[in-house]
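Spelled out, the chains give:
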Amino acid sequence: MAKRVAIVGAGVSGLASIKCCLEEGLEPTCFERSDDLGGLWRFTEHVEEGRASLYKSVVSNSCKEMSCYSDFPFPEDYPNYVPNSQFLEYLKMYANHFNLLKHIQFKTKVCSVTKCSDFTVSGQWEVVTMHEEKQESAIFDAVMVCTGFLTNPYLPLDSFPGINAFKGQYFHSRQYKHPDIFKDKRVLVIGMGNSGTDIAVEASHLAEKVFLSTTGGGWVISRISDSGYPWDMVFMTRFQNMLRNSLPTPIVTWLMVRKINNWLNHANYGLLPEDRTQLKEFVLNDELPGRIITGKVFIRPSIKEVKENSVMFNNTSKEEPIDIIVFATGYTFAFPFLDESVVKVEDGQASLYKYIFPAHLQKPTLAIIGLIKPLGSMIPTGETQARWAVRVLKGVNKLPPPSVMIEEINARRENKPSWFGLCYCKALQSDYITYIDELLTYINAKPKLFSMLLTDPHLALTVFFGPCSPYQFRLTGPGKWEGARNAIMTQWDRTFKVTKGRVVQESPSPFESFLKLFSFLALLVAIFLIFL
């Protein structure tokens, strides 16, 4: 049984891993190469090697009720979408509340993690670290790697003919911190992910002209959904997820495209994805359509050629003068402290069972936490991964035989369509609720809706039809949180507390009362059809 656990990285997944180890009676030691916790969410003016980097204006893409740790809600006076500085404060509150700091060794770089000579028997690892130029070695029963995948910028300069002749400035979005550098410049941003659109929008407030170049297009949505609700609290419900997964993929895709285009017709704005059979990661940006329609941002296709002071786009012969090029072309990931025989990265993915465990190890004592892109928040996903992983490391839960794990990994790598539900275009993408529920099932912590409907019908209906907030993951099983029910029933109160700065009394109309009665009856019929 694992007792001493080494954790690499003190970001959102690393903090959750420390807490999960403590809950299971293990002894975690977390190694963090920087001088503070927070990982991605800790802004610095300069890029630090081996650590994710963000720009000053970053705001969360998932609202606070959907992106908190499952037993630690955000403060109720926090905005629904949290700026990075407040997000970091929240992580520090979490670390202090659960007394995690004493288990973290800051300014300590992990140099190597290698199997001990008796690994086939003990499953132990030798971890070599560097602190203030002093190298140390220690033996651990298990290792949890929580370094994320946003540290190694992908900069495919070979794909841009003439880039070496460009006399202006170019850099990867990882280097970007403030928009001042764009003042009165002609800017080209390549790549239409979340970073690319954010940078293009910010640049458009100061630059002379901004172009946003995209090869495949993207689905741009607002953080604000119908009636002003946070988008993910509306989209991410068990009821809707069940409907999506029970419908044929073409129908689900058509419904999704129709809904997204209600806010913004992507074809009219030059944003429509070329491949609409597979779901691309949503681009969350409330301002982009307004910047396009007012001529502040110009959408363009891929680059044909880069010249000394200009670029040419495909499908046009006109040269556009450019001063600065920003490559928002994403990231690759690697584990430099691990030998390839332990975890091998190929084609943007690693051979990991349930995105966590290397399938070929004789002893399941190494776990990768947070190497996944769910259609949902990373915090509860990484936390749920850690809850299951720690119980596997401890020996409470068992993994299937290697042959079964490898077969599943290969099937996921092939990414064959199931013909039902959403189809994801990238290997690390996953259906959030389905994936979380699968891990919760392994630790017997998945909400039991049928029994709940008999004992607590109000809660059961809220869990099924309401937002699939992380508190649901603490209603039962190991790590059960007594405050989970109350957190679920008051989640909308916290959502609107910060927006209702002015309250107006509304007098209900008879027609509204009739609609409520009709809706209640329709709900009863739906419950009957679903549960009985």
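In this text, all values refer to a predicted model and were calculated from it rather than measured experimentally.

Quick look at the overall build of the protein now. Broken down by element type, the protein carries 16 helices and 26 strands. Against the 2.2 N^0.38 benchmark of 24 Å for 532 residues, the protein shows a C-alpha radius of gyration of 24 Å, consistent with a compact globule. Within the protein, buried positions represent 50% of all 532 residues. Expressed as a percentage of contacts within the protein between residues at least 6 apart in sequence, the contacts between residues at least 24 apart total 69%. Carbon and sulfur atoms make up 54% of the accessible area of the protein, which totals about 24,800 Å².

This part covers the nonpolar core. With 114 residues, the main nonpolar core has Tyr 69, Leu 91, Met 144, Phe 182, Phe 282 and Phe 357 as its most contacted residues. Split by domain, the residues of this core number at least three in each of domain 1 (4-151 + 333-435) and domain 2 (154-330). If near-sequence neighbours (up to four positions away) are discounted, Phe 357 is found in contact with Ser 351, Leu 352, Pro 364, Leu 366, Ala 367, Trp 388, Ala 389, Val 392, Leu 393 and Leu 399. Grouped together as the second largest cluster of nonpolar side chains are 24 residues, Val 113, Trp 125, Val 127 and Leu 361 included.

What follows deals with the sheet that holds strand 24 (residues 366-368). Judged by pairing direction, the sheet is parallel, and its five strands sit side by side in the order 3-2-1-7-24 without closing on themselves. The two strands at the open ends of the sheet, each matched to only one other strand, are strand 3 (104-105) and strand 24. Strand direction decides the pairing type here: strand 1 (residues 4-8) and strand 2 (residues 27-31), joined by five bridges, are parallel. For Val 8, the partnering residue across the bridge sits in strand 2 and is Phe 31. Running at roughly 170 degrees to strand 1, helix 1 (residues 12-23) makes contact with strand 1, strand 2, strand 3 and strand 7 (142-145) of the sheet.

Turning our eyes to something else, we now look at the domain arrangement of the protein. In terms of domains, the protein is made up of domain 1 (4-151 + 333-435) and domain 2 (154-330). Here domain 1 and domain 2 have C-alpha centroids that lie 28 Å from each other. Taken together, the two surfaces of domain 1 and domain 2 that pack against each other cover about 3,100 Å², and 54% of this comes from carbon and sulfur. Inspection of the domain 1/domain 2 interface yields zero salt bridges. Seen at the junction of domain 1 and domain 2, the total is 21 residue pairs in polar contact (both at pLDDT 80 or more).

Restricting attention to buried positions, one finds in helix 11 (residues 432-442) the residues Tyr 432, Ile 433, Tyr 435, Ile 436, Asp 437, Leu 439 and Leu 440. Where the residues of helix 11 are buried, they touch helix 6 (238-246), strand 25 (373-374), helix 9 (378-394) and strand 26 (429-430). Phi for Asn 444, located one or two positions after helix 11, is positive at around 60 degrees.

With seven bridges connecting them, strand 5 (residues 125-131) and strand 6 (residues 134-140) associate as antiparallel partners. Bridged to His 131 within strand 6 is Lys 134. In textbook terms, the turn of a hairpin is the stretch between consecutive antiparallel strands, and for strand 5 and strand 6 this stretch comprises two residues, one of which, Glu 132, has a positive phi near 50 degrees.

For any two helices packed against each other, the geometry is given by the interaxial angle and the distance between the axes. Where helix 1 meets helix 9, the closest approach of the two axes is 9 Å, and the angle between their N-to-C directions is 35 degrees. Where helix 1 crosses over helix 9, the two elements pack in a sense that is right-handed. Counting all contacts with helix 1, which are made through Val 12, Ser 13, Ala 16, Ser 17, Cys 20 and Cys 21, the residues of helix 9 involved are Ile 379, Gly 382, Glu 383, Ala 386, Arg 387 and Val 390. Residues that form the contact of helix 1 with helix 9 fall into these classes: seven nonpolar, three polar and two charged.

With 14 residues, helix 2 (residues 84-97) should cover 20 Å at 1.5 Å per step; its first-to-last C-alpha distance of 20 Å lies within 8% of that length. Listed as buried for helix 2 are Asn 84, Phe 87, Leu 88, Tyr 90, Leu 91, Tyr 94 and Ala 95. Here the buried residues of helix 2 occupy an arc of 155 degrees about the axis, which is enough to place them on one side. Turned more than 90 degrees away from the buried face of helix 2, the exposed residues are Asn 96 and His 97.

Where helix 6 meets helix 11, the axes come as close as 10 Å, and the angle between the chain directions of the two elements is 105 degrees. With respect to each other, helix 6 and helix 11 are oriented roughly perpendicular. Here helix 6 contributes Arg 238, Asn 241 and Asn 245 to the contact with helix 11, which in turn contributes Ile 433, Thr 434 and Asp 437.

Rules behind the numbers
- Residues numbered from 1 in each chain as written.
- Predicted model: local features only at pLDDT ≥ 70, side-chain atom pairs only at ≥ 80, totals over all residues.
- Heavy atoms only, no water.
- Helix = DSSP H or I, 4+ residues; strand = E, 2+ residues; numbered from the N terminus.
- Rg over C-alpha atoms; globule rule 2.2 N^0.38 Å.
- Buried < 20%, exposed > 50% of the residue type's maximum accessible area, 1.4 Å probe, protein only.
- Contact = heavy atoms within 4.5 Å.
- Areas by Shrake-Rupley, 256 points an atom, 1.4 Å probe, with all protein chains shown as cover.
- Core = buried A, V, L, I, M, F, W, Y, C linked by side-chain atoms within 4.5 Å.
- Domains from an automatic or database assignment.
- Pairing = 2+ DSSP bridges.
- Axes fitted to C-alpha atoms, helices over the stretch in contact; angles between N-to-C directions.
- Buried area = accessible area lost by both parts, 1.4 Å probe.
- Salt bridge = Lys/Arg side-chain N within 4 Å of Asp/Glu carboxyl O.
- Polar contact = N/O pair within 3.5 Å; in protein donor to acceptor, adjacent residues only side chain to side chain.
- Left-handed = near helix turned anticlockwise from the far one by under 90°.
- Nonpolar A, V, L, I, M, F, W, Y, C, P; charged D, E, K, R; others polar.
- Expected span 1.5 Å × (residues − 1).
- Arc of directions from axis to C-beta.
- Parallel < 35°, antiparallel > 145°, perpendicular 65-115°, else oblique.

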